[in-house]
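These are the residues of each chain, in order.
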Amino acid sequence: MEVDRLLGSGKLGKPFWGGNTCAEFKVQLLWLPFSSSKSKKTLSKTGVKNIVLVDGVRTPFLQSGTTYADLMPHDLARTALQGLLNRTGIPKDAVDYIIYGTVIQEVKTSNVAREAALGAGFSDRIPAHTVTMACISSNQAMTTAVGMIAAGQCDAVVAGGVEFMSDVPIRHSRKMRKTMLSLNKAKTLGARLALLGSIRPAHLAPELPAVAEFSTEETMGHSADRLAAAFGVSRREQDEYALRSHSLAKRAQDEGLLSDVVGFKVPGKDIVSKDNGIRPSSMEQMAKLKPAFVKPHGTVTAANSSYLTDGASAVLIMSEEKALALGYKPKAYLRDFVYVSQDPKDQLLLGPSYATPKVLERSGLKLADIDVFEFHEAFAGQILSNLKAMDSDWFAKTYMGRTSKVGSPPLDKFNLWGGSLSLGHPFGATGCRLVTTVAHRLKKEGGQYGLVAACAAGGQGHAMVIEAYPQ
Amino acid sequence: SVAVKSLGSSEGLKSEKYMQTTFTWTHVNYEIKGDVAVIRISDPNSKVNTLSLQMQKEMTEVMDEVMGNSAIKSVVLISSKPGCFIAGADINMIQACKSTEEVTRLSQEGQKIFEKIEKSPKPIVAAINGSCLGGGLEFAIACQYRVATKSKKTALGTPEVMLGLLPGAGGTQRLPKMIGLPNAFDMMLTGRNIRADKAKKMGLVHQLVDTLGPGLKSPEERTIEYLEEVAIDCARGIVNKKLALTKEMNMMQKIQDHVMSYSFVQNRIYSTVEKKVLKQTKGLYPAPMKIIECVKAGMEQGPDAGYLAESQNFGKLAMTPESKALVGLYHGQVACKKNRFGVPEKEVKTLAILGAGLIGAGIAQVTVEKSINTILKDITEEALNQGQHQVYKGLNDKTKKKSITSFERDSILSNLTGQLDYSGFEKADMVIEAVFEDLAIKHKVLKEVEAVIPPNCVFASNTAALAIKDIAAASKRPEKVVGMHYFSPVDKMQLLEIITTDKTSKDTTASAVALGLKQGKVVIVVGDGPGFYTTRCLAPMLAEAVRVLQEGVDPKKLDSLTTGFGFPVGAATLADELGIDVAAHMAENLGKAFGSRFGGGNLELLKTMVAKGFKGRKSGKGFYIYQSEPKPKDINPELKEIVESYKMMPNPAVSSDSDVQYRLISRFVNEAVLCLQEGILTNPVEGDIGAVFGLGFPPFLGGPFRFVDNFGADKLVEKMKTFEEVFGNQFTPCQLLLDHAKDPSRKFHN
């Protein structure tokens, strides 16, 4: 990949952030007038309900083990819900349904949607359920909401996502669990003592959850490294992309563009109002890191991967009539969406490559119609591999059964406010952040169509087209 | 050969300041990438690379050129063939040699080439993807550094011992130094393949490279490129001293190495290994002892003596009949892995199996493993449950051995449907029945099945003795009926014997062979007749074994006589494994068909055993008693009484140990030759393969036909005539054997 295209700047070979500092940002944005050259004036269809995003918020995304460390997942979700209540001013009983996405479940609050809703002060008459689909869990929460509204079941739904990696369920070994469960059933003291006596050191080894595929036993980072190698993405390209993500996030944060973030007074600690994982570094610093997964010749490092993050997000989704009736000015229309899935071993993280052309086809748009792209950045190598896959006729024909490539999204429209690499990636919460960011960027940049795409464990993927609400 | 020079233009490298030049030979070429020469090997005439004379010649020329070029600082050696680095030396090259000296010279030339590689001032990195065997492994271990892909196809090994040879190009000298005596002996004496992860642990390779999925090129192509890129980095790393050539050892390994350095420890290992080898080979296979001898020579007297011993022993072994027989089996096995009946019109995508017993479930296991939808049907839930459990257990054992993951096991099992009815049979492409060996039952299921299967569906009968034409007599479409004789345990035994009748269509045969090959079987196709080929050869030998027992030889002695001749399992144990009832049934049926020629031992002895419940291992008692612990097994004490009542007086003229062995083997061999004479067998190759892979005929003898060639038909006939005088027509040599005895120039194998 040519360096200038990667950086989204017109200047050849020179990083547009000017070396190590982030002060000199100048991004040339294309301010396209509405509906000038689009394939379609709008994606509104007669007989299909318009569904809108009223607003979206999120807690600051923090590296796990930092300020949120002593909370529980529903605390984060609760904060996002309260933030949404405050931001939208919606009455606590005007919502018909609440859906949350999460990946690693706290067993005490396995339906975290319900616990968070109750704790956030929503009416206890609002049903809530939790969905899971790895890194696209909150996308699944949102599209479930869209489906309920489209089907006429609901008019106003809150969807969100939460992930809390500061504390994960670490289990006793199966042997130990079996002994402990038998202990419950043992009737006599003798039987209990015999069971206790059967405990051996091997019983005591705990079971840790791993970010690994169940089917292939491969960790995601390892798969990402193989993917980068398969597409010939170099270490340098990955480090450059990661640096871009952090630099853009820093700028967005400094310029106050991340307006979806709501402050959080953490009990016993300070008010948190900013994401804390944004750290623009230098290429030299990043080059020093050793590969994290494939040793010694791998290319994926801690610096060009997303990190373990705590955070929650929430969006308010309504039918357009309902939103207007309640006096809202919606932010965007949620239009077509698709889910895709592929081989969880060799194509684990290629979801966006499969989902993008499919959702464009569904909505009758071309890649050039899209003004704003927000892709989930699991790994720099994964993003760059997807860009290469989308730009390859051979890949489109051989693996996707398409006649030609869809094309690679231009980087001057791509993840301009940072991404999961820099802002953080609470697995269950990222989807809502992507959609809200598209809505905000469309408004800020004056675009009409936005596209969200994400990969997820299990070899799955998702994409959604979002249309700006007329100003 | 003349080097053809042309400018390379591999894209993606343009921007880097590489001067690229590509030289092209036919088998070996090289490209210069900066200061690294990448030598690529690919035999244009074969799917695999072998160290043929041409390959060696070109390699020497290329190496000379690379070594002479001062711009080149290091070398990467890689194959451009997917799935194969170098599969070994060219067997034909060795076979073409006429004398020990000639083979020794070949070995010495190989040693010289690899010595140059080992002493190369420019580091050479072997980049291994796929099979790296025999001479290929010896080449790789002569290099300074080895990188291998984690591909399932990557296998490192020294299979020479399986061909009655030894690693003759420095292998016996380098391997012990590299991986230690115990591991080196394990590899060289068993010939087993070492997978990439194990090779890394053993210190056989330095680095592993992941296989890649789809990218901008096919996974295979890109994986090789990636391997090359990593290998180039390694080569530069060695030159820049960033990569250490000495292996990192943990404390345990250091202690082990230290202990191994004492000569009394080494001597202890030699004697242990020698004892083990002698016990297993009964001294019938010369190669393992020679391997130990070569290693010892190198360790005790230094490299010169070691290399000399290696080349001389290699020469000697190549000329042994054992090696020739094993090489013959290798070629035969390759031939029996091809479908000489062509591609069937319809591939088997759904297979239905009737009968979930040992064989039925075994067939199911080897079929689901190849992602073929498999219906396993039985008539009782209990039998079905047991069959399904057998399949699960077979796969789960592989999970325990880590050859498949638990997920793969589950995914494989999802191809299996167990049921009690005929639902889904309308989609079956082939039905294999493995029900009880009874013609009436076979007819019943054939009719039931034909009522539900589609017109193009093949009906295969798994039977050890019933004639296929008799089974097909009940069929509306005899052209679709074929016999498929599997051997138990199906997942372990390599042979499949396919039986065709006059009416079986070529496409039906092609379909059965194709399925067998897909199941990983070595397939022989034989004509229809009582006992087909394998059972027919086995029956007279077992009849003779019974007579030997009646003459007062106990089962243990009988077993030691048979294993002493080279059979992996003794005759008495074999009968117990087979089932005494099955053996009796088989002997009775074949006795009816072939008359007194199949006599000898008294069938009533077996019948009495069956009546008393001594049905072999499955019933806990047979010739031996089987308790929970399989070894050591004792002779069934109640056997003595039964044998006593059928006692025969041995004739001392034909009852020496050697006589007994030849009585057993000659009846087997004569029947095999008769099968060829009668056209049951198409050729001697399939006869040898069937006997070795299905019945355990001593592999070093190469099968009954190779045995006749090597032993001499005249000598065998002479022995048989002595026996004939005592026992009668059971030892009358068949006409074809007599023909060969008369004319020593007539051979079954060229």
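Residues numbered from 1 in each chain as written. Chains lettered and ligands numbered in written order. Predicted model: local features only at pLDDT ≥ 70, side-chain atom pairs only at ≥ 80, totals over all residues. Heavy atoms only, no water.

Q: Honestly, the sheet that holds strand β6 (residues 84-86) of chain B in this entry has me stumped. Any pointers?
A: Remark on secondary structure: sheet strands pair via backbone hydrogen bonds, oriented parallel or antiparallel. All names here are of chain B. With mixed pairing, the four strands of this open sheet are ordered in space as β6-β8-β10-β11. A strand with exactly one partner marks an edge of an open sheet, and here the two such strands are β6 and β11 (194-195). Of the pairings in the sheet, the one linking strand β8 (residues 131-133) to strand β10 (residues 155-157) comprises three bridges and is parallel in character. Bridge pairing links leucine 133 to glycine 157 in β10. (Pairing = 2+ DSSP bridges. Helix = DSSP H or I, 4+ residues; strand = E, 2+ residues; numbered from the N terminus.)

Q: Quick question: what am I supposed to make of the pairing of strand β14 (residues 373-377) of chain B here?
A: A regular strand places its side chains so that they alternate between the two faces of the sheet. Residue and element names in this part refer to chain B. In terms of burial, β14 is a largely internal element, four of the five residues being buried. When strand β13 (residues 350-354) meets β14, the two strands line up parallel, connected through five bridges. The residue bridging leucine 351 from the neighbouring strand is threonine 374, located in β14. Handedness of the β13-helix α14 (residues 358-368)-β14 crossover: right-handed. In this structure, β14 lies alongside strand β15 (residues 416-419), joined through four bridges in parallel fashion. Looking at β15, one finds that leucine 376 is bridged to glycine 418. (Buried < 20%, exposed > 50% of the residue type's maximum accessible area, 1.4 Å probe, protein only. Right-handed = clockwise from strand over helix to strand, strands pointing away.)

Q: Would you explain the UniProt feature "domain: Thiolase N-terminal" (unreviewed entry) in chain A in this entry?
A: The UniProt feature table records "domain: Thiolase N-terminal" (unreviewed entry) at residues 51-321 of chain A. When the span residues 51-321 of chain A is considered, its composition is 36% helix and 15% strand, and the gap between its end C-alpha atoms is 9 Å. (UniProt positions renumbered as here; feature names shortened; annotations may be inferred.)

Q: Can you help me understand the sheet that holds strand β18 (residues 481-486) of chain B in this one?
A: Residue and element names in this part refer to chain B. Pairing within the open sheet is mixed, and its eight strands lie in the order β15-β14-β13-β16-β17-β18-β19-β20. Looking along the sheet, the strands with just one partner apiece sit at the ends: β15 and β20 (522-527). Strand-to-strand twist in this sheet, taken as the mean axis angle between neighbours without regard to direction, amounts to 25 degrees. As judged from the four bridges shared by strand β16 (residues 430-433) and strand β17 (residues 458-461), these two strands associate in the parallel manner. The residue of β17 that forms the bridge with glutamate 433 is serine 461. On the sheet, α14 packs against β13, β14, β15, β16 and β18 and is oriented at approximately 170 degrees with respect to β14. (Axes fitted to C-alpha atoms, helices over the stretch in contact; angles between N-to-C directions. Contact = heavy atoms within 4.5 Å.)

Q: I would appreciate a short explanation of the packing of aromatic side chains in the present structure.
A: Any two aromatic rings considered together are summarised by their centre-to-centre distance and by the angle between their planes. Residue and element names in this part refer to chain A. Using the criterion set out here, one finds 27 aromatic pairs over all chains in the structure. With a centroid separation of 6.1 Å and an interplanar angle of 75 degrees, the aromatic rings of phenylalanine 337 and tyrosine 339 are classed as edge-to-face. A relative accessible area of 22% places tyrosine 339 in the partly exposed class. Pairwise contacts between aromatic rings join Phe231, Tyr354, Trp394, Phe395 and Tyr399 into one cluster. Sitting above the plane of the phenylalanine 61 ring, arginine 58 keeps its charged end 4.3 Å from the centroid. (Phe/Tyr/Trp six-rings, centres within 6.5 Å; stacked < 30°, edge-to-face > 60°. Lys NZ or Arg CZ within 6 Å of the ring centre and 35° of its normal.)

Q: Help me understand the UniProt feature "active site" (unreviewed entry) in chain B, please; the structure alone is not making it clear to me.
A: Residues and elements named next belong to chain B. Taken from the UniProt record, the annotation "active site" (unreviewed entry) applies to Glu497. Mapping glutamate 497 onto the fold places it in strand β19 (residues 495-500). Using a relative accessible area of 0% as the deciding quantity, one classes glutamate 497 as buried. In contact with glutamate 497, other than residues within four places in its own chain, are Gly483, Met484, His485, Phe487, Ile524, Val526, Phe532, Tyr533 and Thr534.

Q: When you look at the interface of chain B and chain A in this model, what are you seeing that I'm missing?
A: For interface size, the figure often reported is the accessible area lost on association. Contact with chain B, which involves 19 residues of that partner, is made by 20 residues of chain A. Of the roughly 1600 Å² buried between chain B and chain A, counting both surfaces, carbon and sulfur atoms make up 60%. Three residues, Pro214(B), Leu216(B) and Phe407(B), lead the burial of chain B against chain A; their summed loss comes to 35% of the area buried on that side. Applying the counting rule to chain B against chain A returns zero salt bridges. (Buried area = accessible area lost by both parts, 1.4 Å probe. Salt bridge = Lys/Arg side-chain N within 4 Å of Asp/Glu carboxyl O.)

Q: Can you walk me through the environment of Ser420(A) in this structure?
A: Residue and element names in this part refer to chain A. On the secondary structure map, serine 420 appears in helix α14 (residues 420-423). Other than its neighbours up to four places away in sequence, serine 420 contacts Ser306, His376, Glu377, His425, Thr430 and Arg433. Within the structure, serine 420 has its side chain in polar contact with the side chain of histidine 376 (distance 2.8 Å). (Polar contact = N/O pair within 3.5 Å; in protein donor to acceptor, adjacent residues only side chain to side chain.)

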